[in-house]
Amino acid sequence: QVQLVESGGGLVQAGGSLRLSCAASGRTFSSYSMGWFRQAPGKDREFVASINWSGSSTYYADSMKGRFTISRDNAKATVNLQMNSLKPEDTAVYYCARNRRPYAFSYAMDEYSYWGQGTQVTVSS
C-alpha cells in the first residue's frame, strides 16, 4: 500500500515563498511520475505540476509556470514543490499524488491513483 504524506504548508504573505514536500512509502517510488494538485474552497481540484519518474521531465499549469518548481529525490522517496511569488489566489489545499501506471507521465487527474491527505496553503494579501 502506498502512503503519501505532505508537509510544508502554512500562512504566507503575498509575494512570499513556501516549499511543500511529499514523502512516499513503498519501494517503487522511482518508477512512477508524481504530481501536485490543489483545491481552493468552492472550486474543483486542479492540476499544478507533475514530474516524471526520473525527474528529467516536468510539466506545469500555465498559471504556475515561472513561479513554481517541482523536483524529486528518488533516494529519499520525496517530491517537492517550491512556490515563489505567491498570490492570494494560490490559497488552497495542496495534494501530492502518484500516477497509477509505472513509467507513464500525465497531468490528468484520473491518471493518479494514490493521494496524500493534503496540506493547507494560505496566502494573505
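Preceding this section is the structure that the text describes.
Residues numbered from 1 in each chain as written. Predicted model: local features only at pLDDT ≥ 70, side-chain atom pairs only at ≥ 80, totals over all residues. Heavy atoms only, no water.

Engineer: Which residues make up the environment of Ser-85, and what values go with them?
Structural biologist: Mapping Ser-85 onto the fold places it in the loop between strand E8 (78-83) and strand E9 (92-99). In the structure, Ser-85 is positioned 32 residues away from Gln-117 in sequence and 25 Å away in space, judged by C-alpha atoms. Those residues in contact with Ser-85, other than ones at most four positions away along the chain, are Gly-15, Gly-16, Ser-17, Arg-67 and Asp-90. (Helix = DSSP H or I, 4+ residues; strand = E, 2+ residues; numbered from the N terminus. Contact = heavy atoms within 4.5 Å.)

Engineer: Describe the sheet that holds strand E7 (residues 68-73), and please don't skip the residues or the numbers.
Structural biologist: One open sheet accounts for 4 strands, arranged E1-E3-E8-E7; its pairing is antiparallel. Edge strands, defined here as strands with exactly one partner in the open sheet, are strand E1 (4-7) and E7. Going from strand to strand, the sheet's axes swing by 15 degrees on average, the running direction of each strand aside. Pairing of strand E3 (residues 18-24) with E8 involves 6 bridges; the strand directions are antiparallel. Each residue of the ladder has a partner; that of Arg-19, found in E8, is Gln-82. (Pairing = 2+ DSSP bridges. Axes fitted to C-alpha atoms, helices over the stretch in contact; angles between N-to-C directions.)

Engineer: Any chance you could break down empty space enclosed by the protein for me, citing the residues and the numbers?
Structural biologist: Throughout the structure, instances matching the rule amount to 1 cavity of 30 Å³ or more. Counted as a void, the largest cavity has a volume near 40 Å³. For the lining of the largest cavity, the per-class residue count stands at 3 nonpolar, 3 polar and 2 charged. (1 Å grid on protein atoms, 1.4 Å probe; cavity = no way out; pocket = protein on both sides within 12 Å on 5 of 7 lines; lining within 4 Å. Points joined across faces, edges and corners; volume = space filled by probe spheres on them. Nonpolar A, V, L, I, M, F, W, Y, C, P; charged D, E, K, R; others polar.)

Engineer: How would you explain the state of the cysteines if you had to name every residue and give the values?
Structural biologist: Considering all chains together, one arrives at 1 disulfide under this definition. One disulfide bridge connects Cys-22 with Cys-96, the sulfur atoms lying 1.9 Å from each other. What sets the handedness of the Cys-22 and Cys-96 disulfide is the S-S torsion sign, and at about 40 degrees it is right-handed. With Cys-22 in strand E3 and Cys-96 in strand E9, this residue pair connects regions lying 74 residues apart in the sequence. Cys-96 shares its class with Cys-22; the two are buried. (Disulfide = S-S within 2.5 Å. Buried < 20%, exposed > 50% of the residue type's maximum accessible area, 1.4 Å probe, protein only.)

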